[in-house]
Amino acid sequence: MKTFPIYCLLLLLVLNVSSYAQSNANKNKLKKALKEAETYLQLEEYHYVEEEMLEAVKYAPENVLCNYYLGISIYNDLTKNRVDALPYFQTVYDQDPSFRQVGYWLGKAYQMGHQFTRAGEMYTLEKQKMSSLKPEEKTEEEKNPGYVKVSVEDLDRYIDQCRRGPEFMANADNKNLLNLSLANTYLPDITPIITVDGQRLYFTSHRQDITSHHELDPHDQLPYQDVFYMDRREDGFWSTPKPMTEINTEEHDAAIALSSDGDRLFLYRSVGASTSNPGDIYEANDYSGKWTRPRPIDAPINSSALETHMSMSADGKVIVFTSDRVQDEAQGGMDLYIIRQLPNGEWAMPQNMGDKINTNLDEESPYIHPNGKTLYFSSQGHNSIGGFDVFKVDIDLKTGDMGEVIQLNYPVNTASDDLFYVMSADGSESYFSSVREEGMGGYDIYCVKNNESNARSVSFFDLKFETEDRRNVDVLVKLINVRTQEVEKEQVLKANRERLEWMHRCSGKYALEVYSKGYLLKTDRFDFAKINKPTVTIEETYRLQKFAVNRSESLMNIYFDDDQIINMSSSSSELKALKTFIEEHDDYSVEIVGHSDYNPEKSKLVLEFMSKTKAMETLNALKTVGIDDEQLVNENVGYGIRYPMYLPESDMSWKNERMEYIIRPKGYARLASRASDCGMSKYDTSTYVLKETEVMSDVVNVNEKWISHLLSELKQCSYLELVVTSGSTQESLDMSNEIITYFENNGIPRDHLTLQMQKDAELSARLRYKEANDYSGAGTVAVMSSVTDTPANDDAMTVVSPSDETIAGNNTNPETKSALQKASINNSAEDLAFEKEIEDFTIVFPFDSKEFGNSNDATLQRIKDYLNANLTKTLKITGHTDSSGPEIYNQYLGMERAKSVAYFFRNIENPNRIYVDSKGELEPITTNATREGRALNRRIHFKFGIVNTGDAK
């Protein structure tokens, strides 16, 4: 036994030595990987940098240099979206905000994601840092691998782009943008060219076709570019791409322009990996369906400089091309030049198109529309909001006279590079290349349907996330397409510190999931079909609640077919998210609650039943996805419209229809009885007018004195309930819900909390006793005070619908009303006999219970069939109790019994014809002095009536 500690010590030493050795090994691997990466950075061979750093971050995930180099390589990867570099730069910034050029790179990544505010902040920080550097410090920084030459003037330009970005995106064109998926791959796909008749589309791609070469460019390790084409099918869609085998070579081949007759194809070619000529424009001709070998273009365009693109006018007499040649009239970088054919067929000398078109930055991809009057081109200058933007100008090709340069709107232009824009001759379609979040990787080809409305809204999300304890925890945010159930956007950010800025093209319903460990799962729903605007700005602040018993959150993305059957496909992501959340807290359970939206065609009782049915469906769905029964409270709870989030007239009132989960202890069950003795004879039922606050979450703190007093009173007596009165503004409703949530979080059952909305009312709270005739708006459904019994000797009853003027049917015509009443009086003998049988029939209940089993289902089904066959009939169900317990509680229990039976009839034609009432212990049919008598008094009673105005559909 004495040797045991020695063995332990030896084992500990072995483990420490092993750990130390592993640590040293990783340090050596990291040092070698960083050295390799720095070498490749100097050569701008980013794919090798990415390979090295992706491996290195596996064992050094927080290493600043690894993440920095990885971010740079991904940003420059031609097969990736530049926004993908953002998390790596963010990791660097979180550890050292002044590290090298991280501010510049973060600004670039944020700008690419259209998070203009955040990008502007990063550029400003980088500018401040750069301005503070001494000359020798700047010289040292320029020696760092991956350094980018950027000036203060450059940063000012980027800051200005970010300042203009939000307004530019808000003025988007309502045009339909499509990813030309057949043409696109994860590799760059560029330079679309459409024939004048619109029947063929040429383009350039790095893809490896089975018939093409399989060598990789040693510089970027991508396949060499080849030319492909697609023909339009009879149905208007494009066919599968085919390679132009007559044109393609073992080197880079890129189609850039086509003559109007389709017989002359112009290409950009770079011949030889070590050639001093960086690239020229070539021409191939179509003779009887066969293309000639490409040769340098006849027009005097090519030079020792770089010529990358061109466009020819419809008559073949004017060419506009790009070149970085050095001339006196050159503006800087790539400029546009124009060259015209002389009457003798020769070409004049090229002319720079001047500073109206050209800037000190690059211009690219000119396109002369077949109408001969409009020139399109891309530029990094003018008022670009980032990278290359597409511009157009009206031009007289003979004289060179031009109108104003106009920037195209989104969906063409973005903060990324938007290049190679062409438009069909009839103007119905435009094609261009860009790097987009919805793309397949790198540059993709997109089509804009100029005559079709945009199927997707351009949506700007500006979201903040706050925790109630103000901790800067990580928050995972997902944006999910409800139809496809795909996560289209995802980001991790710090609560209370960072804001989420997304630009996304959305169509239909989207779900937002917000998760942070130790907090409640929060969800939201956006329905862009209801919003129905080409551009939408969504500004929200989401408060995350700490995980605790009795706390609750809405489930906004549980969907139902026909208002009753859960749609598992559309609800899948939310169900799975809740399952994951529940399983992380296996010592607790959740209660599921249903809520409805306002519906003037349905009574409050019907809305409650609908929400209760949805709660039952959601419970079953959660069991289907694998949640253990022990973690679910098996109660079907529906509150109808009792707890709205929005006012009836609000554009967002549709969000009132939702599910909700409440955290409960494991094994929790709702109490069947609310009866208890109250320790005091009288409680404070005064009305307390509460102070409203600018910040909704402050309302409890500002009114803490009175709210604490009411909470103390309410906890002492179960005969009391809290009534919060809200005015007719959304702000007042929000504060009322905040107060109700506070009481619920402090252990007050929701059935003791009532929300009342009154026009122009002050925000107030009061306690009241649950008196027998004071159930309007209380409990889970209001007693229909408009329902009155007819004299005892009448065989029929006339009732008025609670939605008198709004329910479909609106039978206000006196003749119709008379006919309905007459129909009820002229019942057949068979109907009268059936109604008498049912009105003499009763259902009895166990002591202190609202459950009645299924032994009476056959009789209830007969009643349902009768109501469906007689649409002018109504049914009132009244609940009764014995005299055990307090009278107030018995009134409540009688109502619960009536509703329990009424739920059976929720699916009849026009369920508004069902009414509930409670007499509690007030109308016994026999003595309560005996056990047998009390058992008979615990019952419900049926009474038939006829439909009055507004009830009949």
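Residues numbered from 1 in each chain as written. Predicted model: local features only at pLDDT ≥ 70, side-chain atom pairs only at ≥ 80, totals over all residues. Heavy atoms only, no water.

Participant: I'd like a rundown of the pattern of salt bridges, residues and numbers included.
Facilitator: This model, assessed by the stated rule, comprises 48 salt bridges. As a salt-bridge pair, D94 and R497 come within 3.9 Å of each other at their nearest N and O atoms. A residue pair is termed long-range when its members are at least 10 positions apart, and D94 in helix 4 (residues 86-95) and R497 in the loop between strand 24 (487-494) and strand 25 (499-506) qualify at 403 residues. For R497, a relative accessible area of 51% gives the class exposed. A salt bridge links K899 to E896; its shortest N-O distance comes to 3.0 Å. Note that K899 and E896 are positioned in helix 18 (residues 887-902) at a spacing of three residues, about one turn of the helix. Accessibility expressed as a relative area gives 4% for K899, which makes it buried. (Salt bridge = Lys/Arg side-chain N within 4 Å of Asp/Glu carboxyl O. Helix = DSSP H or I, 4+ residues; strand = E, 2+ residues; numbered from the N terminus. Buried < 20%, exposed > 50% of the residue type's maximum accessible area, 1.4 Å probe, protein only.)

Participant: Describe the nonpolar core, with residues and values.
Facilitator: Core analysis: the largest hydrophobic core is formed by 50 residues, its most contacted members being M53, Y68, Y69, F89, V102, L106 and M169. Listing elements by their share of this core, those giving two or more residues are helix 1 (4-43), helix 2 (46-59), helix 3 (64-75), helix 4, helix 5 (102-112), helix 6 (116-132), helix 8 (152-170) and strand 22 (457-467). Here this core gets eight residues from one element, more than from any other, and that element is helix 3. The residues contacting F89, other than those within four sequence positions of it, are Y68, G71, I72, V102, W105 and L106. Of all hydrophobic cores here, the second largest spans 31 residues; its members include V593, I707, C717 and A765. (Core = buried A, V, L, I, M, F, W, Y, C linked by side-chain atoms within 4.5 Å. Contact = heavy atoms within 4.5 Å.)

Participant: Residues and numbers for the sheet that holds strand 26 (residues 509-515), please.
Facilitator: Sheet architecture is open: four strands sit in the order 24-23-26-27, paired in antiparallel fashion. Of all the strands in the sheet, just strand 24 and strand 27 (522-527) have a single pairing partner and so form its edges. Mean inter-strand twist for the sheet, computed between neighbouring axes without regard to direction, equals 15°. As paired elements, strand 23 (residues 474-481) and strand 24 share seven bridges and run antiparallel to each other. Bridge pairing in strand 24 places K478 opposite E490. (Pairing = 2+ DSSP bridges. Axes fitted to C-alpha atoms, helices over the stretch in contact; angles between N-to-C directions.)

Participant: Provide a residue-level description of the environment of Q95, including the pertinent values.
Facilitator: Its location among the elements puts Q95 in helix 4. When the C-alpha atoms of Q95 and E62 are compared, they prove to be 8.7 Å apart, with 33 residues separating the residues in sequence. The residues touching Q95, leaving out its near neighbours within four places in the chain, are E62 and V64.

Distances and angles like these do not, on their own, reveal function.
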